[in-house]
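# A structural walkthrough
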Amino acid sequence: MLLGAPGSGKGTQGPRLAQRVGVPYLSTGDLLRREAAAGTDLGARVAPYLAEGELVPDDLTLEVVDRALAGAGAEGGFVLDGFPRTVAQADRLGDVDVVLHLALPDDVARLRLAARDEGRADDADPEVIEHRLRVYHDQTAPLLDHYAKRGTLVSVDADRPPAEVMAELDAALDAAAPRAPG
Ligand code: ADP
């Protein structure tokens, strides 16, 4: 799984890592945004939280996550981006093979998010960006300790060009979970 502040590059690195390992890439942010855009009942309930940069309540998040994990499990694993985001979610998920932490100072994250142009409403408003950073530090950063204690955490300096970050993630992944030859 990938762990890091908004703007740390999870959505850039995740799909490529998944391709390399040969498993699906699951981004809860993408899944939740897709649900909201589809205008389902669930999507309508999720949308206000996305707009505010607030965590979506667990009962709603888990509906989307369980559905995706059930599909992915059958394929022999996954790269997770955006889940778990709280210690409670981590407890529910259970063990993961390796946690890749994309470490990024907040001031760099602010600049990246303000410059990002992916049509995301939660990137457009500086107050929402600040709120997402606060939510990350308050609710998600405690997971760093949680996984460090379990020996599954690898931290990578994410304040570098994407190709350099990718190379380091590749190396970390090889060291943590060597793949069988062939
Ligand atoms: P970023 O890391 O840039 O904030 P994401 O796409 O990962 O972007 O998340 C966007 C939004 O989706 C979050 O602000 C939150 O509202 C919601 N979200 C994503 N994952 C979760 C989760 N595991 N639990 C609750 N809400 C989530």
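Predicted model, so just to flag it, every value in this text is computed and none were measured.

## Re the overall build of the chain
A tally of helices and strands in the chain yields ten helices and five strands. Radius of gyration (C-alpha) of the chain: 16 Å, near the 16 Å computed for a compact globule of 182 residues. In terms of overall dimensions, the chain has a C-alpha envelope of 45 × 35 × 30 Å along the principal axes. When contacts within the chain are restricted to residue pairs at least 6 apart in sequence, long-range pairs at least 24 apart make up 71% of them.

## Focus on the site of the ligand
The ligand sits among 20 residues. The nearest are Thr-28, Arg-33, Glu-54, Gly-82 and Arg-132. In this structure, an oxygen atom belonging to the ligand sits 3.3 Å away from a side-chain N or O atom of Arg-116. In the model, an oxygen atom of the ligand is placed 2.9 Å from a nitrogen or oxygen of the Arg-132 side chain. In isolation the ligand offers 550 Å² of accessible surface; the protein chains occlude 97% of this area. In this structure, the ligand is accommodated by the largest pocket. Considering each element in turn, the shell around the ligand owes the most residues, four residues, to helix 2 (residues 28-38). A class-by-class count of the residues in the shell around the ligand yields seven nonpolar, five polar and eight charged.

## Some words on the layout of surface pockets
Within this model, the largest pocket holds a volume of roughly 920 Å³. As for the largest pocket, its lining consists of 45 residues, and the residues nearest its centre are Pro-6, Lys-10, Arg-85, Arg-116 and Arg-120. When residues of the lining of the largest pocket are traced back to their parent elements, those giving at least two are strand 1 (2-4), helix 1 (10-21), strand 2 (25-27), helix 2, helix 3 (41-52), helix 8 (126-140) and helix 10 (162-176). Per-element tally for the lining of the largest pocket: the top contributor is helix 2, with five residues. Of the residues that constitute the lining of the largest pocket, the class distribution is 17 nonpolar, 15 polar and 13 charged. Every residue lining the second largest pocket is counted, 21 residues in all, and those nearest its centre are Val-21, Phe-78, Asp-97, Val-98 and Leu-173. Per-element accounting of the lining of the second largest pocket gives the leading share, three residues, to helix 1. The residue makeup of the lining of the second largest pocket, split by class, is 14 nonpolar, two polar and five charged.

## Brief notes about the environment of Gly-29
By the secondary structure assignment, Gly-29 is in helix 2. Sequence separation between Gly-29 and Met-1 is 28 residues; the distance between their C-alpha atoms is 14 Å.

## Examining the packing of helix 8 against helix 9 (residues 142-150)
Interaxial distance between helix 8 and helix 9 falls to 5 Å at its minimum, and their mutual angle equals 35°. Contact residues: Tyr-136, His-137, Asp-138, Gln-139 and Thr-140 in helix 8; Pro-142, Leu-143 and Leu-144 in helix 9. Per-class residue counts for the contact of helix 8 with helix 9 are four nonpolar, three polar and one charged.

Reading the values: the criteria
- Residues numbered from 1 in each chain as written.
- Predicted model: local features only at pLDDT ≥ 70, side-chain atom pairs only at ≥ 80, totals over all residues.
- Heavy atoms only, no water.
- Helix = DSSP H or I, 4+ residues; strand = E, 2+ residues; numbered from the N terminus.
- Rg over C-alpha atoms; globule rule 2.2 N^0.38 Å.
- Contact = heavy atoms within 4.5 Å.
- Near = heavy atom within 4 Å.
- Polar contact = N/O pair within 3.5 Å; in protein donor to acceptor, adjacent residues only side chain to side chain.
- Areas by Shrake-Rupley, 256 points an atom, 1.4 Å probe, with all protein chains shown as cover.
- 1 Å grid on protein atoms, 1.4 Å probe; cavity = no way out; pocket = protein on both sides within 12 Å on 5 of 7 lines; lining within 4 Å.
- Sits in = over half its atoms within 2 Å of the grid points.
- Nonpolar A, V, L, I, M, F, W, Y, C, P; charged D, E, K, R; others polar.
- Points joined across faces, edges and corners; volume = space filled by probe spheres on them.
- Axes fitted to C-alpha atoms, helices over the stretch in contact; angles between N-to-C directions.

From the geometry alone we can't say anything about function, so treat these as descriptive.
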